[in-house]
There are 2 protein chains.
Amino acid sequence: MAQHPLPSLLPQTGLTRHRRLREQGSLRRADLDAILDAGFVCHLGVVVDGRPLVVPTVYGRDEGRLYLHGSVASRSLAGGAPVCVTVTHVDGLVLARSVFDHGVNYRSAIIHGTARKVTDPDEKLAGLRRLTEHATPGQWSYARRPDRKELAATTLLALSLEEASVKIRAGAPDDGDGPDAGSGVWAGTLPLTATWGVPEPDPLLAPGILPPEHIARRAGTRHG
Amino acid sequence: MAQHPLPSLLPQTGLTRHRRLREQGSLRRADLDAILDAGFVCHLGVVVDGRPLVVPTVYGRDEGRLYLHGSVASRSLAGGAPVCVTVTHVDGLVLARSVFDHGVNYRSAIIHGTARKVTDPDEKLAGLRRLTEHATPGQWSYARRPDRKELAATTLLALSLEEASVKIRAGAPDDGDGPDAGSGVWAGTLPLTATWGVPEPDPLLAPGILPPEHIARRAGTRHG
């Protein structure tokens with residue numbers, strides 16, 4: 001996706017400053033963009049009656065904004081309530097000599113902000129296009145686009161990508177040069193990879209309709 | 001994992017009652033257990049100064065309780081604050097004839113409760129065992145277990161599995177019998193599968209140490 005006009009370094013604020021495991025923190029906006037572009041499901045956190053609620057939903061982005069499918073949380077978002085959106089890719093298990101040094105290789109982005117309900121039909125259409133193309137590039141110009149009634153029935157949220165915290169952990173366990181190194185315990189990582197499968201046609205599909213190239217070519221490719 | 005002694009039907013409360021897409025909601029505790037057992041990373045939501053914070057962390061479960069690695073949220077959890085823990089498995093894209101009917105096939109569990117910091121060393125050890133065995137069955141009896149100092153340095157949270165909301169969406173798009181069915185647009189699903197890779201040894205590992213059977217045999221198997 002296009003680069004956005006925000007600073008190339010993420011701001012360090014009270015919300016985003018890395019308190020723990022600082023060596024895993026990244027301030028590069030390019031890392032944020034890459035983490036967002038590698039996925040399509042986020043976890044949206046809102047506060048409802050003083051309690052946290054975390055729901056999975058789909059997202060897309062443009063130059064500086066995140067768009068979210070927001071119906072599931074819409075009753076909680078009147079009045080510009082604060083939200084937190086987290087995107088996580090799990091890359092594998094970190095298997096150390098000691099249980100204490102076990103962990104996960106991952107890439108995560110935590111975005112803080114205030115979600116705005118998109119009401120302008122043009123912006124909503126543009127946002128839904130980002131969202132659709134984000135999950136399935138090529139699909140917006142292939143499937144039937146939302147009509148006025150469908151557009152009105154869709155809740156779309158927009159969120160600035162200004163304030164975000166990025167963490168990345170990769171590579172081997174940390175206890176390879178510690179006292180447990182001579183213990184004879186195997187240590188390393190067990191990678192985890194998500195892969196797109198072969199398109200499965202709707203049983204109600206009329207015979208002879210084949211998946212378009214932009215869908216068929218994803219089969220067997222890596223996701224995330 | 002073992003079955004827990006909670007009712008086989010999930011309670012319908014103000015927090016868990018399905019408001020949207022009711023046909024995707026499940027009240028079967030067995031579905032909750034299966035979703036939890038299929039993953040090892042959750043998204044933990046807490047409220048910090050009135051704002052939501054959503055962080056990824058690892059978890060395990062026993063008969064009725066969820067255990068979470070909680071360091072990242074520990075400063076927010078003094079005094080039994082409410083938490084929301086969400087586990088989501090993304091099974092694929094739902095590609096309909098119309099953009100409006102696009103969606104995701106997924107399984108998700110949203111658990112509401114009050115996280116308790118585990119302080120008793122025996123319970124902490126038992127909880128960490130669940131957590132370790134949950135991510136990597138067989139690893140607790142293979143790697144070096146936490147000593148007293150490491151145990152004290154680990155923040156473990158416990159949460160009742162009593163109040164939870166489960167949603168599952170599977171299968172074909174919903175517009176196969178609607179007015180778009182004759183449009184000639186291909187519709188179906190694009191499956192997404194996570195697979196364990198081949199163990200990658202720590203470069204600092206002494207020569208001749210091979211991955212144990214419980215790790216090696218996961219290579220090529222499905223996760224989630």
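Residues numbered from 1 in each chain as written. Chains lettered and ligands numbered in written order. Predicted model: local features only at pLDDT ≥ 70, side-chain atom pairs only at ≥ 80, totals over all residues. Heavy atoms only, no water.

Trainee: Got a sec to walk through the nonpolar core? Specific residues and values, please.
Mentor: Residues Leu66(A), Ile111(A), Leu66(B) and Ile111(B) are the most contacted members of the largest nonpolar core, which totals 54 residues. Dropping the residues within four chain positions of it, Leu66(B) is found in contact with Leu36(B), Tyr59(B), Gly60(B), Arg61(B), Val85(B), Ile111(B), Leu157(B), Ala158(B), Leu159(B) and Leu161(B). (Core = buried A, V, L, I, M, F, W, Y, C linked by side-chain atoms within 4.5 Å. Buried < 20%, exposed > 50% of the residue type's maximum accessible area, 1.4 Å probe, protein only. Contact = heavy atoms within 4.5 Å.)

Trainee: For the pattern of salt bridges, give the residues involved together with the corresponding values.
Mentor: All told, the structure shown has 22 salt bridges over all chains when counted by the stated rule. Here Arg107(B) and Asp91(B) are joined by a salt bridge, their closest N and O atoms 2.7 Å apart. Here Arg107(B), found in strand β6 (residues 103–114), pairs with Asp91(B), found in strand β5 (residues 82–95); they are 16 residues apart in sequence, far enough to count as distant. The network of salt bridges with common partners includes Arg97(A), Asp175(A) and Asp202(B). (Salt bridge = Lys/Arg side-chain N within 4 Å of Asp/Glu carboxyl O. Helix = DSSP H or I, 4+ residues; strand = E, 2+ residues; numbered from the N terminus.)

Trainee: Kindly report on the relation of the copies chain A and chain B, identifying the contributing residues and their values.
Mentor: Of the two same-sequence chains, chain A is brought onto chain B (RMSD 0.0 Å, axial shift 0.0 Å) by a rotation of 180 degrees. In the structure described here, the two chain copies are related by an operation that fits a two-fold rotation axis. Distance from the rotation axis, computed per C-alpha, reaches its smallest value in chain A at Ala194(A): 2.0 Å. The residues that chain A uses at the interface reappear at the interface of chain B in 100% of cases, marking a shared surface. (Least-squares fit on C-alpha atoms with pLDDT ≥ 70 in both.)

Trainee: Lay out the packing of aromatic side chains in plain terms, naming residues and giving numbers.
Mentor: Residues and elements named next belong to chain A. As enumerated under the stated definition, the model contains 2 aromatic pairs over all chains in all. Taken together, a centroid distance of 5.9 Å and an interplanar angle of 20 degrees make the contact between Phe40 and Trp196 stacked. With Phe40 in the loop between α1 (29–37) and β2 (41–48) and Trp196 in strand β10 (residues 188–196), the pair connects residues that are 156 residues apart, well separated along the chain. Arg218 extends its terminal NZ or CZ atom over the ring of Trp196, reaching a point 4.4 Å from the ring centre. (Phe/Tyr/Trp six-rings, centres within 6.5 Å; stacked < 30°, edge-to-face > 60°. Lys NZ or Arg CZ within 6 Å of the ring centre and 35° of its normal.)

Trainee: Let's hear about the domain arrangement of chain A: which residues, and what values?
Mentor: All names here are of chain A. What the domain assignment reports for chain A is domain 1 (1–174) and domain 2 (193–224). Taking only C-alpha atoms into account, the centre of domain 1 sits 25 Å from that of domain 2. Every contact between the two is made by 12 residues of domain 1 and, on the other side, 9 residues of domain 2. Around 740 Å² of area is buried between domain 1 and domain 2 when both sides are counted, 51% of it from carbon and sulfur atoms. Where domain 1 packs against domain 2, one counts 0 salt bridges. In this structure, the connection of domain 1 to domain 2 is made through 4 residue pairs in polar contact (both at pLDDT 80 or more). Counted by class, the side of domain 1 that touches domain 2 contains 5 nonpolar, 5 polar and 2 charged residues. (Domains from an automatic or database assignment. Buried area = accessible area lost by both parts, 1.4 Å probe. Polar contact = N/O pair within 3.5 Å; in protein donor to acceptor, adjacent residues only side chain to side chain. Nonpolar A, V, L, I, M, F, W, Y, C, P; charged D, E, K, R; others polar.)

Trainee: An account of the interface of chain A and chain B is requested, with residue identities and associated values reported.
Mentor: Residue-level contacts link 86 residues of chain A with 86 residues of chain B. Connecting chain A to chain B are 4 salt bridges. In this assembly, chain A and chain B are joined by 25 residue pairs in polar contact (both at pLDDT 80 or more). For the side of chain A that touches chain B, the elements supplying multiple residues, two or more each, are β2, β3 (51–61), β5 (82–95), β6 (103–114), α2 (121–135), β10 and β11 (200–201) of chain A. Element by element, the count of residues in the side of chain A that touches chain B is highest for β10(A), at 9 residues. Residue composition of the side of chain A that touches chain B, grouped by class: 50 nonpolar, 23 polar and 13 charged. Strand direction decides the pairing type here: β10(A) and strand β10 (residues 188–196) of chain B, joined by 5 bridges, are antiparallel. Within the sheet, the bridge partner assigned to Ala194(A) lies in β10(B) and is Ala194(B). (Pairing = 2+ DSSP bridges.)

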